[in-house]
Amino acid sequence: MIAEYASRLIQIIPFFLKGLLMTVVVSGISLVLSTALGFILGILRTGRSRLVSRSIGLYVDVMRGTPFVVQIFIVFFILPEWGLQLDALPAAILALTAMTSAFICEVVAGGIRAVPKGQWEAAAASGLNKFQQLKLVILPQAMRTILPPLVGQYVLMIKDSSVVSVIGVTELTRVGWQTVVRIPEGLMVFTLVGVLYFVICYPLIRLSNSLEQRLSQESVRL
Amino acid sequence: MITNFNFRVVWEYMPLFMQGLRNTFLISLVSLILALAVGIIACGCRLSRWKLLRGLAIAYIESIRSTPLLVQIYFFYFGLPTLGLRVPELETGIIALMLNSGAYIAEIVRAGITSVSSGQIEAGISSGLSYFQRMRFIILPQALGVTVPPLLGQAIVLVKDSALLSLISVMELTRCGQELTSERFMPAEGFLTVAVLYLCIYYCLKPLAGWAQKKLIFREAY
């Protein structure tokens, strides 16, 4: 019986790979968008304007304080009531980007705050304008603190992308769910799904760890 | 959009929301306590001298950290019945949450223990302190400062993660929002109320984490 299920499962592996591709596409697009948005928000968060900083802080709190599944329901079910009708895929990307950009914002803000104040002053004294100070002096140093947790956020986002299956995006988890209805071998099906996630996430976790070690060693050497 | 918001329905469903809030709180608390136990045991194995135990602990921790919680929940939800085990949804969910958070807590505890430098332990040994005295007076006071703040962070994550149990029809807070959506088709009233209630929990736990950070890190640094 189990052998029969296993052979059927092997037959539908292309189906799983399609799901994996969808997971990669959804998280890839959200990754690019949320990195861009997160960096902008993070830089504004450390800026001089109190009001802007506070409002971004509130945004971050709301994103961090509510479960992603509730956020995605809000995007998918409530935005249409307010006149923004989205398909499942754009809704998923919007929700993932909104949440991850909040997390990345905090990572970036933390990295910028970790750069000593003297660096800003030195850059200003060299006659660089605000944008040049940030681009040429502050961010290159902040990247050392930002990079490892940033990769960690990407891993979290790829894992959270499994939740968009609830609004019907046919990504990896959704494929597993559809399969288990037909092949009642829950352990086998979701082990396969888990292995496919592992293949993407584990190297990224290792990358984050090695970045952390390499970058902190470098700072010791200086 | 606010003018359409039907507070009367929210009020009518308030007992349901309160019950959901209570269930979310209880589920998170029970899972957290169990996860602490799992995490400490896993961390003990991870730091053990025996290769087999260490390997098992690493396999457990890394496989949990590299796969989404939702896949783990489905793994148990669809997988346990194929093993002939009939476990109710609530218990299935708590098992998944426990094992998931346990892996993260194991890493938090490990970071705490390894943060105590070996010189401290050697100093303790050469002062003639026994193993328990060293634990009580040297290792734990320092390790707790590094461990408790991220543990409270994990508690916040756990509350949010418990929202995923709504997908296997456990009657917790997010499920109340789904109920309101399916019975009255009022997703805005349902999910915004749910989001606000989650934010309430978040704003209770967040200052606690900040307070612990100040209090304990200070103690570590004196």
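The preceding data block contains the structure.
It should be emphasised that the depicted structure is a prediction, and the values quoted were computed from it without experimental measurement.

Draft legend 1. Region of interest: the overall build of chain B. Helix and strand counts for chain B come out as nine helices and zero strands. In chain B, the order of α-helices and β-strands from amino to carboxyl end is α-α-α-α-α-α-α-α-α. When its C-alpha atoms are laid out on the principal axes, chain B stretches across 70 × 45 × 25 Å. Each of the 222 residues in chain B was classed as buried or not, and the buried ones make up 47%.

Draft legend 2. Region of interest: the side chain of Thr-92 of chain B. Residue and element names in this part refer to chain B. With respect to the helices, strands and loops of the structure, Thr-92 is situated in helix 5 (residues 89-115). With a relative accessible area of 3%, Thr-92 lands in the buried category. Leaving out residues up to four positions away in the same chain, Thr-92 has contacts with Phe-76, Tyr-77, Leu-80 and Val-87.

Draft legend 3. The packing of helix 2 (residues 14-46) of chain B against helix 7 (residues 131-161) of chain B, seen in detail. Residues and elements named next belong to chain B. Packing of helix 2 against helix 7 brings their axes to within 9 Å, and their N-to-C directions diverge by 135 degrees. With respect to their mutual orientation, helix 2 and helix 7 come out oblique. Of the two possible hands of crossing, helix 2 and helix 7 adopt the one that is right-handed. Every residue of helix 7 that contacts helix 2 at Thr-24, Ser-28, Ser-31, Leu-32 and Leu-36 is listed here: Leu-151, Ala-155, Leu-158 and Val-159. Here the contact of helix 2 with helix 7 is built from residues that sort into six nonpolar, three polar and no charged.

Draft legend 4. Inspection of the pattern of salt bridges at higher detail. Going through the model one piece at a time under the given rule, you end up with six salt bridges over all chains. Note that Asp-61 of chain A is salt-bridged to Lys-206 of chain B, the shortest N-O span being 3.2 Å. Residue Asp-61 of chain A is found in helix 3 (residues 50-65), and its partner Lys-206 of chain B is found in helix 9 (residues 187-221); the two belong to separate chains. Owing to a relative accessible area of 34%, Lys-206 of chain B belongs among the partly exposed residues under this scheme. For Glu-107 of chain B, the salt bridge goes to Arg-110 of chain B, with nearest N and O atoms at 3.3 Å. Note that Glu-107 of chain B and Arg-110 of chain B are positioned in helix 5 at a spacing of three residues, about one turn of the helix. The exposure class of Glu-107 of chain B is buried, given its relative accessible area of 16%.

Analysis parameters
Per chain, residues are indexed from 1 in the order of the written sequence. Whichever chain is written first is A, and whichever ligand is written first is 1; the rest continue in order. The predicted nature of this model means local features are confined to residues of pLDDT at least 70 and side-chain atom pairs, given and counted, to a pLDDT of 80 or more, with totals for whole chains, interfaces and linings taken over all residues. Hydrogens and waters are ignored; side-chain quantities use all the structure's heavy atoms. Secondary structure elements are taken from DSSP: a helix is a run of H or I of four residues or more, a strand is a run of E of two residues or more, and numbering for both begins at the N terminus. Here's how the labels work: a residue is buried when its accessible area is under 20% of the maximum for its type, exposed when over 50%, partly exposed in between, all with a 1.4 Å probe on protein chains only. Should any heavy atoms of two residues lie within 4.5 Å, those residues are counted as being in contact. To get an axis, fit a line to the C-alpha atoms, keeping to the stretch in contact for a helix; angles then go from 0 to 180 degrees between the N-to-C directions. Angle categories: roughly parallel below 35 degrees, roughly antiparallel above 145, roughly perpendicular from 65 to 115, and oblique for all the rest. Throughout, a crossing is termed right-handed when the near helix is turned clockwise from the far one, and left-handed when it is turned anticlockwise from it by less than a right angle. We call Asp, Glu, Lys and Arg charged. Ala, Val, Leu, Ile, Met, Phe, Trp, Tyr, Cys and Pro are nonpolar, and the rest, Gly among them, are polar. Salt bridges are counted wherever a side-chain nitrogen of Lys or Arg sits within 4 Å of a carboxyl oxygen of Asp or Glu.

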